[in-house]
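A closer look at the structure
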Amino acid sequence: MSAPDASSPAPSPSVRVRFAPSPTGFLHVGGARTALFNWLFARHHGGKFFLRIEDTDRSRSTDAAIEAILDGLTWLGLDWDAWEKSPGPGPVRQTERLALYQFKARQLLDEGKAYRCYCPAEELDARRKAALARGEVPKYDGRCRAVAEADESRPFALRFKTPQEGETVVDDLVKGRIVFENRQLDDLIILRSDQSPTYNFCVVVDDVDMAITHVIRGDDHLNNTPRQIQLYRALDFPLPRFGHLSMILGSDKARLSKRHGATSVQTYRDMGYLPEALVNYLVRLGWSHGDQEVFTREELIAKFSLDNLTASAAVFSLEKLQWLNATYLKTVEPKSIAPLVQDLLAKRGAGDAASPGRIEEVFLAHRERSKTLVDIADAVMMYVPGQRVIDAEAEKKFLTAPALPALGRVHTLLRDAPFTKDAHEHLFATLMTETGQKMATLAQPLRVALTGRSVSPGIYDVLRLLGKDEALARIESAIRLIEGGSTAHAPS
RNA sequence: GGUCCCAUCGUCUAGUGGCCUAGGACGCUGGCCUCUCACGCCGGAAACACGGGUUCGAAACCCGUUGGGACCA
């Protein structure tokens, strides 16, 4: 593999890759990463990135899942190209191509590269179990290879004549050279007795038909590769390059699954993560470029190379994703944030709680202390009139009798002075001279009175975001609360 | 069970035989800044799974062991 340097990616328009998910659920982060690597590889080389829906297993495939996958990819910004032979603009769907698989299977039969197998499924199953019970490898014995005359009246499957001598070598782009003994492989079924094609066969027929040059997929397919290579040979088509990506694991080093927490891309969207942060996180799981951690999309396209992929599996770390999201939050264009936060607010029935401009204001005050957009949405709600909720701990510590005089003074000064930052700074200076108290002792009770929490942006920012009327109302209610004793919990 | 893959701080990784008393990042942690929190800045603890080779020299190459994972059922 040539490794073009980042400044001048050598265009190789011949690069054609695909992402081929089974539509059985939401877009999994592992699948998203596979798609991402394919996409980056194609974009780096100026090649094509196709999407193919492997929906031949009709019992498990749903249209909703297809929608979810397209939606997830779109959200991540992974656009796919239209395949030249495709009838419509959408992704390629295997169920629309059954005739081709059947035709190709028949062709292999006619060429003597496949044969009819009359063994009933139940019998094969029984033989498999028996072999297992004897401690043997369950492998089809190839008995129907010997059946001479065709009998189309009986139900039969089509089996591929797998070579039994020699070895098949996979020259993998990430794992290196892997050798499989051919005698380990049995004759796989390519077409079931009900005429439905099998997984490995469809993949090869499609990859051939779509002229895929690089098969980049999860290493859970590594063991399928030698038989697929043999199918390529049988179909008389040159091999693509293969690259098998390591898996993403959960914290216990088992393959990442639901029990580890969120696995679907859309869940991360709901949790308030930015797509660029998720992309950046996923790309660094199994790929690196020296010591660099943060990449723009353009940098990724420029710098991506299969050479820097890791062969070992990686554990998913929510902490690092959070950090990346926080760093993106610090630099994103504030205007782009408002609609995303609005969506999150709408999901909790508060879609009209704040205008875009308002969200932007709150965002600017909170971006450096937030990890996700959910944090921002919470912050927006905190300033909505009547929405203050006083934290019990903070109340006990700061809304106490000794704070009363200062709170009263602040209320008076605030009420009578202009509502500007300069005036507020002056107000606190006055207060410090008057009382001899420090800013820290003055600000905390006020902070709790205004926000209900002992943690917030700077006090001047909070005042500005609240506005004069709401600020005064909250101080009044805090004063009443203190005067009424700890039993009275008046709402703001 | 068979086949295959993998193995550097807790985690993601740099490392392509001498630049390694092993670098960066997250997390953890001490300090500074400070109206709180955070941000930022400065510092700290923390890893080459084990055993044999190969070599003047091995984190790196080979073999084995152990451990983890995937696939086949």
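Just above sits the structure.
A brief structural summary. (Residues numbered from 1 in each chain as written. Chains lettered and ligands numbered in written order. Predicted model: local features only at pLDDT ≥ 70, side-chain atom pairs only at ≥ 80, totals over all residues. Heavy atoms only, no water.)

**Here we look at the overall build of chain A**
Selection rule: The numbering of helices and of strands both runs from the N terminus, where a helix is a DSSP run of H or I of at least 4 residues and a strand a run of E of at least 2. Each radius of gyration reported is based on C-alpha atoms, and the globular scaling rule is 2.2 Å times the count of residues to the power 0.38. For each residue, the accessible area found with a 1.4 Å probe, counting protein chains only, is set against the maximum for its type, and the residue is called buried under 20%, exposed over 50%, and partly exposed in between. Contacts between residues were defined by any pair of non-hydrogen atoms, one from each residue, lying within 4.5 Å. In this tally Asp and Glu are treated as negative and Lys and Arg as positive; neither His nor the chain ends contributes. Charge positions come from single atoms, namely NZ of Lys, CZ of Arg, CG of Asp or CD of Glu.
The number of helices and strands found in chain A is 19 helices and 12 strands. Computed over its C-alpha atoms, the radius of gyration of chain A comes to 32 Å, more than 25% above the 23 Å expected for a compact globule of 492 residues. Projecting the C-alpha coordinates of chain A onto the three principal axes gives extents of approximately 105 × 55 × 40 Å. A burial count over chain A gives 48% of its 492 residues as buried. Restricting the contact set of chain A to residue pairs at least 6 apart, pairs at least 24 apart contribute 75%. The average position of the 63 basic charges and that of the 64 acidic charges among the side chains of chain A differ by 2 Å.

**Observations regarding the pairing of strand β7 (residues 176–181)**
Side-chain positions along a regular strand alternate between the two faces of the sheet. Just so we agree on the cut-off: Note on pairing: two strands pair once DSSP finds at least 2 bridges between them.
Where strand β6 (residues 167–172) meets β7, 6 bridges bridge the pair, whose relative direction is antiparallel. The residue bridging E167 from the neighbouring strand is E181, located in β7. Count of turn residues in the β6/β7 antiparallel hairpin: 3 residues.

**Here we look at the sheet that holds strand β3 (residues 92–93)**
Either a parallel or an antiparallel arrangement is found when strands of a sheet pair, and the pairing is made through backbone hydrogen bonds. The test is simple: For helices, the fitted axis covers only the stretch in contact; all axes are lines through C-alpha atoms, and the angles between them, taken along N-to-C directions, range from 0 to 180 degrees.
The sheet built from 3 strands is open, its strands ordered β1-β2-β3 with parallel pairing. The open sheet terminates on both sides in strands that have one partner only, identified here as β1 (16–19) and β3. Sheet analysis places strand β2 (residues 48–53) next to β3, joined by 2 bridges and oriented parallel. Bridging from a neighbouring strand, I53 pairs with R93 of β3. Across the sheet, helix α1 (residues 29–45) is in contact with β1 and β2; its angle to β1 comes to roughly 165°. Lying over the sheet, helix α2 (residues 63–76) contacts β1, β2 and β3, oriented at roughly 160° with respect to β2.

**Digging into the nonpolar core**
Applicable threshold: To form a nonpolar core, buried Ala, Val, Leu, Ile, Met, Phe, Trp, Tyr and Cys residues must be joined to one another through side-chain atoms within 4.5 Å.
Among the nonpolar cores identified, the biggest contains 100 residues, and L76, L282, F316, V341 and L450 are the most heavily contacted of them. Per element, the largest residue contribution to this core is 9 residues, and it comes from α1. Counting residues in each nonpolar core, the second largest holds 33 residues, with C202, V215, I229 and Y232 among its members.

**Points about the protein's contact with RNA strand B**
Put simply, the rule reads: Note on definitions. A residue lies near a molecule or strand when any single heavy atom of the residue is within 4 Å of it. Definition of a polar contact: a pair of N or O atoms within 3.5 Å, with one able to donate and the other able to accept a hydrogen when the atoms are protein atoms, and with sequence-neighbouring residues admitted only if both atoms are side-chain atoms.
If you check the shell around RNA strand B, you find 44 residues, and the closest are R128, G286, E368, R369 and S456. What you see for RNA strand B is that sugar and phosphate hold 75% of its atoms within 4 Å of the protein. Here a phosphate oxygen of RNA strand B and a side-chain polar atom of K253 are 3.1 Å apart. Take V315: an N or O atom from its main chain is 2.9 Å from a phosphate oxygen of RNA strand B. Contributing elements (two or more residues each) for the surface near RNA strand B: α4 (121–133), β7, β12 (314–315), α10 (318–331), α17 (439–451) and α18 (459–466).

**Remarks on the pattern of salt bridges**
The cut-off we apply is this: We count a salt bridge whenever a side-chain nitrogen from Lys or Arg sits within 4 Å of a carboxyl oxygen from Asp or Glu.
What the rule picks out here adds up to 36 salt bridges. A salt bridge links D71 to R269; its shortest N-O distance comes to 2.8 Å. Of the two residues, D71 is situated in helix α2 and R269 in helix α7 (residues 265–270); the sequence distance between them amounts to 198 residues. Its relative accessible area of 27% is what places R269 among the partly exposed residues. The partner of K320 in a salt bridge is E293, with the nearest N and O atoms 3.2 Å apart.

**Concerning the packing of aromatic side chains**
Using the following cut-off: Each Phe, Tyr or Trp ring (for Trp, its six-membered ring) is paired with any other whose centre lies within 6.5 Å, and the angle between the two planes then decides the class: stacked below 30 degrees, edge-to-face above 60, tilted in between. Criterion for a charge above a ring: Lys NZ or Arg CZ within 6 Å of the ring centre, and within 35 degrees of the ring normal.
Considering all chains together, one arrives at 9 aromatic pairs under this definition. Considering the side-chain rings of F428 and Y460, the 5.9 Å spacing of their centres and the 80° angle between planes classify their relative orientation as edge-to-face. Highlighted residues: F428 in helix α16 (residues 421–435) and Y460 in helix α18, separated in sequence by 32 residues. Grouping aromatic residues by their ring pairs yields a cluster made of F37, W287, F295 and F304. Sitting over the ring of Y118, R154 keeps its end group 4.5 Å from the ring centre. Sitting over the face of the ring of Y140, R159 holds its NZ or CZ atom 3.3 Å from the ring centroid.

**Some points on the packing of helix α3 (residues 98–110) against helix α5 (residues 199–209)**
Helix packing for two helices is described by the angle between their axes and how far apart those axes are. Note the following rule: Angle categories: roughly parallel below 35 degrees, roughly antiparallel above 145, roughly perpendicular from 65 to 115, and oblique for all the rest. Residues are grouped as follows: Ala, Val, Leu, Ile, Met, Phe, Trp, Tyr, Cys and Pro are nonpolar; Asp, Glu, Lys and Arg are charged; every other residue, Gly included, is polar.
Close contact between α3 and α5 brings their axes to 10 Å; oriented N to C, the two are set at 100°. Between α3 and α5, the crossing angle belongs to the class labelled roughly perpendicular. Taken together, the residues of α5 that come into contact with α3 (itself represented by L100, Y101, K104, A105 and L108) are F201, C202, V205, D206 and D209. Residue classes in the contact of α3 with α5 are distributed as 7 nonpolar, no polar and 3 charged.

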